[in-house]
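# Structural description and commentary
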Amino acid sequence: MTDEREVRILSHVPVPLLARIGERFPKATVVAVPDRGDLPDDVRGDVLLTMAWGSPNLARVLERGVRWVHAYGTGVNAFPFHELRGIPLTCSRGASAIPISEWVMAMLLAAEKRLPESWIHEPPEHWNIFDLGGLYGRTLGLLGLGGIAQATAHRALAFGMTVIAHRRTAQPSPIAGIELVEFDALLARSDHLVIAAPATRETHHAIGRDALARTKPGVHLVNIARGGLVDHDALRVALDDGRVKLASLDTVDPEPLPAGHWLFTHPRVRLSPHCSWSAPSALDRLLDAFLDNLTRWLSGEPLEGTVDVELGY
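Our subject in this report is the structure included herewith. (Residues numbered from 1 in each chain as written. Predicted model: local features only at pLDDT ≥ 70, side-chain atom pairs only at ≥ 80, totals over all residues. Heavy atoms only, no water.)

### Some details on the packing of aromatic side chains
One pass over the structure, following the stated rule, counts three aromatic pairs. Their ring planes at 35° and their centres at 5.9 Å tell us that Phe 79 and Phe 81 sit as a pair that is tilted. Grouping residues by exposure puts Phe 79 and Phe 81 together as buried. Three or more aromatic residues joined by ring pairs make a cluster, and in this case those are Trp 68, Phe 290 and Trp 297. (Phe/Tyr/Trp six-rings, centres within 6.5 Å; stacked < 30°, edge-to-face > 60°. Buried < 20%, exposed > 50% of the residue type's maximum accessible area, 1.4 Å probe, protein only.)

Put into structure tokens, the structure is as follows:
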């Protein structure tokens with residue numbers, strides 16, 4: 001269904017994606033603007049579609065009449081909030097929940113089923129015998145309970161896992177079957193601990209030396225949030241002494257990692273280049289969140305994915 005209302009959109013998002021805006025809002029005027037330097041004098045807009053980290057010239061763009069900013073991404077920890085000066089900011093929160101939760105389940109299954117080390121390339125000493133684990137009856141711990149964590153919980157519950165979670169607020173769980181617990185209980189009980197909290201001042205190095213010392217021995221640590229939530233020096237110690245059996249990391253700090261970094265070669269680390277979000281139509285889903293919000297904005301309705309700039313997410 002198309003929306004015939006007029007709106008002027010300034011965009012830092014790659015041009016090939018912008019055609020979809022015109023398909024849904026045929027009377028929208030979309031202007032691709034540079035992400036640095038000055039803008040032509042006649043450029044003005046109602047809405048800015050920008051990247052999750054903003055742009056070097058964000059302040060100049062916002063001076064052109066912008067009344068709402070949408071970040072084309074899910075994590076906005078690198079966004080220059082101070083430039084907004086009261087202009088509301090939204091993001092495509094939850095748009096990557098499905099592919100990321102699938103990636104998490106793949107890591108959990110790989111850990112329990114010992115993949116790829118259980119593949120054989122020559123006749124083994126014994127057929128039919130291999131010491132494999134399983135997800136059924138295991139405890140999945142979720143640090144954070146946003147869209148990604150909820151999507152992961154749905155899938156884990158279907159495997160017969162016990163799912164526990166720790167969240168910042170005292171709100172009840174939105175999903176039946178999830179037990180909300182204190183942070184210490186999350187660490188002590190989790191066989192697989194998934195970090196799915198936003199990156200803020202409060203969560204920086206939340207998984208550090210003290211937290212790792214309180215984890216269940218042999219825990220599998222999975223990070224699909226931001227690398228800064230984990231103290232990697234402390235993680236290395238915990239991996240070396242076996243406290244952490246395996247770390248599956250899609251996010252690290254810094255990104256990209258410099259050549260020769262120990263995470264590339266540690267035998268207990270499975271490292272991917274921040275790609276757990278990738279799936280068919282993944283970029284379209286990020287844009288869909290903006291298009292749905294544009295309908296709400298034009299109608300004067302509350303926006304979804306609103307960012308609390310004080311909290312940082």
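### Here's the deal with the side chain of His 220
Checked against the element boundaries, His 220 lands in strand E10 (residues 219-223). At a separation of 2.8 Å, a polar atom in the side chain of His 220 contacts the side chain of Ser 248. Beyond its immediate chain neighbours, meaning those up to four positions away, His 220 contacts Met 107, Leu 108, Ala 111, Asp 191, His 192, Leu 193, Leu 246, Ala 247 and Ser 248. (Helix = DSSP H or I, 4+ residues; strand = E, 2+ residues; numbered from the N terminus. Polar contact = N/O pair within 3.5 Å; in protein donor to acceptor, adjacent residues only side chain to side chain. Contact = heavy atoms within 4.5 Å.)

### A look at the sheet that holds strand E6 (residues 139-143)
Reading across from one edge, E8-E7-E6-E9-E10-E11-E12 is the order of the seven strands in this open sheet, with parallel pairing throughout. Either end of the sheet is taken by a strand with one partner, and the two such strands are strand E8 (178-180) and strand E12 (269-271). Neighbour-to-neighbour, the strand axes of this sheet turn through a mean angle of 20°, independent of strand direction. In this sheet, strand E9 (residues 192-195) lies alongside E6 in parallel orientation, the contact comprising four bridges. Directly across from Gly 141, in E9, lies its bridge partner Leu 193. Sheet contacts for helix H3 (residues 97-112): E6, E9, E10, strand E11 (244-249) and E12; angle to E10, the most-contacted strand, approximately 155°. (Pairing = 2+ DSSP bridges. Axes fitted to C-alpha atoms, helices over the stretch in contact; angles between N-to-C directions.)

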